[in-house]
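Fold and geometry: a report
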Amino acid sequence: MNYIIRGLDELRTAILIGVPIYIVFFFIMYILKKRKKVSWKCVPEMFFCVYSVLLIKLVGILSLKFSFNGIKSFNLIPFVGSSFIPVLLNFILFVPYGFLLPIVFNSCKWNWGKILCIGALTSFIIEILQLFGGRYAELDDFIINTLGALSGYILYAGLLELQKNRKKAVGILLSMTIAVIACFWGIFLISDHSEELPDGFAAVENMVSEIRIYCNGESRAAALNSEVYHCFRIQMSNCGGHLLELKDTLENEVINDTDCFIEILFTQPQNIYFENAESFFISNADRVIYNSNENILYWGNSNYQYYVDYTKLDTELEEHKSEILEQYKYLQEMIRQSFE
């Protein structure tokens, strides 16, 4: 359900960004006399523009922090132990790619081979960017994305064939459906079916009453589906290898006028557990606040009584400390940008 909610939210953002981009593109083409009037061709072009923005946002290209250390984060064993739902959603995400390409760029002569190559190249570029951008690159993503693009083209070709030979078109669409079902049945058999329980702050989101961000003495509200909160939640859950030593807060006021903070208030005290940190959990907290400059997380009941320092790392991560802290600056930058 979280995947669907996030997808719908990103789709709304993609529409708000993609439609104006296409309108600007259309007027430029009109001024250059490449377009004479609004026609039916504008509809698939606008869809493709919105889809391109959605694809970029969902694969997280704009949020990548490039480093050669990211090359360690990959998986070359496809589908074994993978979660079935994300694999299925990746397939669905790339179906419009193969479907829209021959409609938008109809001056090209398309066939399944070209779509296969373009789909594979696009997916390969995405995985390479994720490989060096601190994300997890997987061979199964490359395979299933390519399959999604190819299926989209076959769907387009089958629907186009309906105008000429209905029997042949039904055969094409039926063959593709059977092949896709067989493929996903095989993936389902070898994938991981264990329930993926919410971790960290994701597990208590239904108890959040308010989110506030602070910067240079200013304060404003933030939404639960905002990029700032999403970044905070992910950063807190990626705590494996951190020496999260619980300490008492001696300060009466943890907020200052120079640093950036994000504060979460709950309707009632919560216990928050993190899968990557067996010995660390937040207990009986009706509020938490994170100093993104100092990378310190405070929490307590009625006020702030405890804190942990996210800059303390074990020996294995210590050699990558500068890179980890550099990635942590992204949340600080997002908070600052929210006040610009």
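Values in this document were obtained by computation on a predicted structure and should not be read as measured data. (Residues numbered from 1 in each chain as written. Predicted model: local features only at pLDDT ≥ 70, side-chain atom pairs only at ≥ 80, totals over all residues. Heavy atoms only, no water.)

1. Description of the confidence of the model for the chain
- Residue-level pLDDT values for the chain average 85, and 91% of them are 70 or greater.
- Put simply, strand 1 (residues 74–75) is where the chain has its lowest mean pLDDT, 70, and strand 3 (residues 208–215) is where it has its highest, 95. (pLDDT = per-residue confidence, 0-100. Helix = DSSP H or I, 4+ residues; strand = E, 2+ residues; numbered from the N terminus.)

2. Thoughts on the pattern of salt bridges
- Under the defined criterion, the tally for this structure stands at five salt bridges.
- Arg212 serves as the salt-bridge partner of Glu210, at 3.1 Å between the closest nitrogen and oxygen.
- In this structure, Glu326 and Lys329 form a salt bridge, with 3.6 Å as the shortest nitrogen-oxygen distance. Linking Glu326 with Lys329, this pair stays in helix 9 (residues 321–337), spanning three residues, or about one helical turn. (Salt bridge = Lys/Arg side-chain N within 4 Å of Asp/Glu carboxyl O.)

3. Re the pairing of strand 3
- Of the pairings in the sheet, the one linking strand 3 to strand 6 (residues 260–274) comprises seven bridges and is antiparallel in character. Among the inter-strand pairings, Ile213 is bridged to a residue of strand 6, identified as Ile262.
- In this structure, strand 3 lies alongside strand 4 (residues 218–221), joined through four bridges in antiparallel fashion. Paired with Tyr214 across the bridge in strand 4 is Ser219.
- Linking strand 3 to strand 4, which pair antiparallel, is a turn of two residues; within it Asn216 sits at a positive phi near 50 degrees. (Pairing = 2+ DSSP bridges.)

4. With respect to helix 6 (residues 166–190)
- The terminal C-alpha atoms of helix 6, which comprises 25 residues, lie 37 Å apart, in line with the 36 Å expected from a rise of 1.5 Å per residue.
- Among the residues of helix 6, Ala169, Met176, Val180, Phe184 and Ile187 are the ones counted as buried.
- Elements in contact with the buried residues of helix 6: helix 3 (84–104) and helix 5 (139–161).
- With a side-chain oxygen positioned 3.2 Å from the backbone nitrogen of Lys167, the residue opening helix 6 is Asn165. (Expected span 1.5 Å × (residues − 1). Buried < 20%, exposed > 50% of the residue type's maximum accessible area, 1.4 Å probe, protein only. Contact = heavy atoms within 4.5 Å. Polar contact = N/O pair within 3.5 Å; in protein donor to acceptor, adjacent residues only side chain to side chain.)

5. What about the nonpolar core?
- Residues Phe201, Phe232, Ile282, Leu297 and Tyr310 are the most contacted members of the largest nonpolar core, which totals 38 residues.
- Mapped onto this core, the elements with two or more residues apiece are strand 3, helix 7 (227–237), strand 6, strand 7 (277–291), strand 8 (296–300) and helix 9.
- What Leu297 contacts, discounting residues up to four positions off in sequence, is Phe232, Met236, Ile282, Val288, Ile289, Tyr290, Tyr306, Tyr307, Val308 and Tyr310.
- Phe48, Val59, Tyr97 and Tyr156 belong to the second-largest nonpolar core, a separate cluster that totals 17 residues. (Core = buried A, V, L, I, M, F, W, Y, C linked by side-chain atoms within 4.5 Å.)

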